[in-house]
Amino acid sequence: MAGVPRWARIAAYTVPFTVLPSSLWRLPAAFGDGLPLGERAYIVLLSILSELVAFTAVGLVATWGERFPRWIPGMGGRRVPTPVAVIPAGLGAVASTILWTACFITQLAGVTLRGEPTPANFPTQAGDWEAALFYLCYLPLLLWGPLLAAVTYACYRRRRNN
């Protein structure tokens, strides 16, 4: 798309890849022994939904993110107002930055977000390769918020006069 800085395009396409490792890490748990069908479905849907939400960052730099789909009654084909794109993206950037930073701080402190001790069966408590794999898959989430904030800022700068 014209006017989108190269760094913003790269950042936008990177966002879904910051979420992908954690989404993939969860999937084997969905098919483990002893889980009820509802919990299995929750884990799979959480992974899919996480990826879909992360992919919306691409809409901030792509032409498909600038116009409402034609099938939306009354708005189809019209330009998406800048605040309609930028405000939710900005709030998402702040929320994901706070959430994942808090998750990692509490995890390193050995407690959950509720302040309870980390359960003995949690991957980081297992040690060795399982803890290393957990951190390898979840550490990229720390980039989600800052990358989304940068892409949101680039979108705002590009579209502020429209």
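Quick caveat: nothing in here was measured; it's all calculated off a predicted structure. By convention here, each chain's residues receive numbers from 1 onward along its written sequence. Owing to the predicted nature of the model, reporting of local features is limited to residues with pLDDT of at least 70; listing and counting of side-chain atom pairs is limited to 80 or more, with chain, interface and lining totals taken over all residues. Note that the side-chain values use all heavy atoms of the structure and ignore hydrogens as well as water.

**What to know about the pattern of salt bridges**
What counts as a salt bridge is simple: a side-chain nitrogen of Lys or Arg found within 4 Å of a carboxyl oxygen of Asp or Glu. Throughout the structure, instances matching the rule amount to 2 salt bridges. Taking the shortest distance from any N to any O, the salt bridge between R79 and E66 comes out at 2.9 Å. Here R79, found in the loop between α2 (37-55) and α3 (82-109), pairs with E66, found in the loop between α2 and α3; they are 13 residues apart in sequence, far enough to count as distant. Only protein chains enter the accessibility calculation, which uses a 1.4 Å probe. A residue is then buried if its area is under 20% of the maximum for its type, exposed if over 50%, and partly exposed in between. For E66, a relative accessible area of 8% corresponds to the buried category. What you see here is one network of salt bridges that share partners, running through E66, R79 and R158. We count a stretch as a helix when DSSP gives it H or I for four or more residues in a row; a strand needs E for two or more, and each element gets its number in order from the N terminus.

**Section: the side chain of R26**
Along the chain, the position of R26 falls in helix α1 (residues 6-30). When charges are counted, neither His nor the chain ends are considered; positive counts come from Lys and Arg and negative counts from Asp and Glu. Buried and without a salt bridge, R26 has E51 as its closest oppositely charged side chain, separated by 6.6 Å. When residues no more than four places from it in sequence are discounted, the contact partners of R26 are I43, L46, S47, S50 and Y138. By definition, residues are in contact when any of their heavy atoms lie within 4.5 Å.

**Some remarks on the environment of F17**
Turning to its location among the elements, F17 is positioned in helix α1. Take F17: its relative accessible area is 58%, and that puts it in the exposed class. C-alpha separation for the pair F17 and F55, spaced 38 residues apart in sequence, amounts to 9.0 Å.

**Section: the nonpolar core**
Side-chain atoms within 4.5 Å link the members of a nonpolar core, which is a set of buried Ala, Val, Leu, Ile, Met, Phe, Trp, Tyr and Cys residues. Among the nonpolar cores identified, the biggest contains 30 residues, and L60, Y138, W144 and L148 are the most heavily contacted of them. Elements with a minimum of two residues in this core: α1, α3, α5 (128-138) and α6 (141-159).

**So, the environment of A11**
The residue A11 is located in helix α1 in this model. Remark: the alpha-carbon pair of A11 and V53, spanning 42 residues in sequence, is separated by 15 Å. If we ignore the near neighbours within four places in the chain, the residues touching A11 are L147 and V151.

**Structural notes on the packing of aromatic side chains**
Here is the rule: rings of Phe, Tyr and Trp (six-membered ring for Trp) pair when centre to centre is within 6.5 Å. Planes less than 30 degrees apart are stacked, more than 60 are edge-to-face, and the remainder are tilted. All chains considered together, the criterion is met by 8 aromatic pairs. Summarising the aromatic geometry, the rings of W100 and Y138 are spaced 6.4 Å apart at their centres and angled 50° between planes, so their arrangement reads as tilted. Here W100, found in helix α3, pairs with Y138, found in helix α5; they are 38 residues apart in sequence, far enough to count as distant. The burial state of W100 is the same as that of Y138; both residues are buried.

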